[in-house]
Amino acid sequence: MTAPGTPSQTVGPYLSIGLTWAEGPHVVAADAPGAVWIRGRVRDGAGQAVPDALVETWQPDPAGRFHTPGFRGLGRCPTDDDGRYAIRTVKPGVVEDQAPHLAVTVLARGLLHRVVTRIYFADEPAANEADPVLAGVPAERRGTLIAEKSEDGYLFDITLQGPDETVFFTV
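Rules used throughout
Position numbers for residues start from 1 in each chain and track the written sequence from start to end. Only residues with pLDDT of at least 70 are given local features in this predicted model, and only at 80 or more are side-chain atom pairs given and counted; all residues enter the totals for whole chains, interfaces and linings. Computation of side-chain values: all heavy atoms of the structure, hydrogens and water removed. Counting from the N terminus, the helices are the DSSP runs of H or I reaching at least four residues and the strands are the DSSP runs of E reaching at least two. By definition in these notes, contact holds between two residues if any of their heavy atoms fall within 4.5 Å. In the analysis that follows, any N or O atom pair within 3.5 Å is treated as a polar contact, provided that within protein one partner can donate a hydrogen and the other can accept it, and provided that, for residues neighboring in sequence, both atoms belong to side chains. The cut-offs for exposure are 20% and 50% of the maximum accessible area for each residue type, with area from a 1.4 Å probe on protein chains only; residues under the lower value are buried, those over the upper are exposed, and the others partly exposed. In this text, buried Ala, Val, Leu, Ile, Met, Phe, Trp, Tyr and Cys residues form a nonpolar core when linked through side-chain atoms within 4.5 Å. Note on ring pairs: Phe, Tyr and Trp rings are taken, using the six-membered ring of Trp, and paired if centres are within 6.5 Å. Classes follow the plane angle, with under 30 degrees stacked, over 60 edge-to-face and the rest tilted.

A.B. asks: Any chance you could explain the environment of Asp61 here in plain terms?
C.D. replies: Take Asp61: it is sitting in the loop between strand 2 (54-58) and strand 3 (74-78). Each C-alpha atom, one on Asp61 and one on Phe71, is 6.9 Å from the other, the two residues being ten residues apart in sequence. In contact with Asp61, other than residues within four places in its own chain, are Thr68, Phe71, Pro92 and Gly93. Looking at Asp61, its side chain comes within polar contact range of the main-chain nitrogen of Ala63, at 2.9 Å.

A.B. asks: Explain the side chain of Gln98 here, please?
C.D. replies: Among the secondary structure elements, Gln98 is positioned in the loop between strand 4 (84-90) and strand 5 (101-107). With residues up to four places along the chain from it excluded, the contact list for Gln98 reads Arg118, Asp131, Pro132 and Val133.

A.B. asks: What exactly am I supposed to notice about the environment of Gly162 here?
C.D. replies: Tracing the chain through its elements places Gly162 in the segment after strand 9 (158-159). Classification of Gly162 as partly exposed rests on a relative accessible area of 37%. Each C-alpha atom, one on Gly162 and one on Gly45, is 4.6 Å from the other, the two residues being 117 residues apart in sequence.

A.B. asks: Is there a simple way to think about the nonpolar core in this case?
C.D. replies: Considering soluble globular proteins, one finds that nonpolar side chains tend to be buried as a cluster. If you look at the biggest cluster of nonpolar residues, it comprises 27 residues, and the most contacted ones within it are Val42, Val55, Tyr85, Ile119, Ile158 and Leu160. Aside from chain neighbours lying at most four places away, what touches Val55 is Val42, Gly75, Arg76, Cys77, Tyr85, Ile87, Val104, Thr105 and Ile158.

A.B. asks: What exactly am I supposed to notice about the packing of aromatic side chains here?
C.D. replies: Each pair of aromatic rings is reported with the distance of its centres and the angle of its planes. This model, assessed by the stated rule, comprises two aromatic pairs. Aromatic side chains Trp58 and Phe66 sit 5.9 Å apart centroid to centroid with 20 degrees between the ring planes, which places their arrangement in the stacked category. The exposure class assigned to Trp58 is partly exposed, which follows from its relative accessible area of 34%. Judged by relative accessible area, which is 36%, Phe66 ranks as partly exposed.

As far as function goes, none of this settles anything; it's purely spatial.
Rendered as structure tokens:
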């Protein structure tokens, strides 16, 4: 006899209960100076869309400060049926000699624990080169942490496993 999985064994559809809210994907208003979209897809190791993931970002304001009045710094967006997410924010400032980046957490089916990564920006090559965290990532894997410029912001896909797996950090 086989017992079914319990809620502690899967993240699954439970993400939508209490973790999402209407303004979650909107860190800043549409008319905020410097507002950009961070868009991408979450894929599994086979390259298939993960339709029930949750992407959460945390960042400083453009001056590199956290806990600034009027700036939440937290974004949270569930993926759609095609694994897409979109978070409207502003590009973060430099913090402690680290290149501008967003801290990212991903929760999804099959993950018993969150995975943590970072989003760096392709249009910050000098800052990226000097970033101590990015420098600690093998050169051939750094590209998995770099968001490419798009028409209205940046594109950043997340691959949960396999040969193109996004670099994840132990926290």
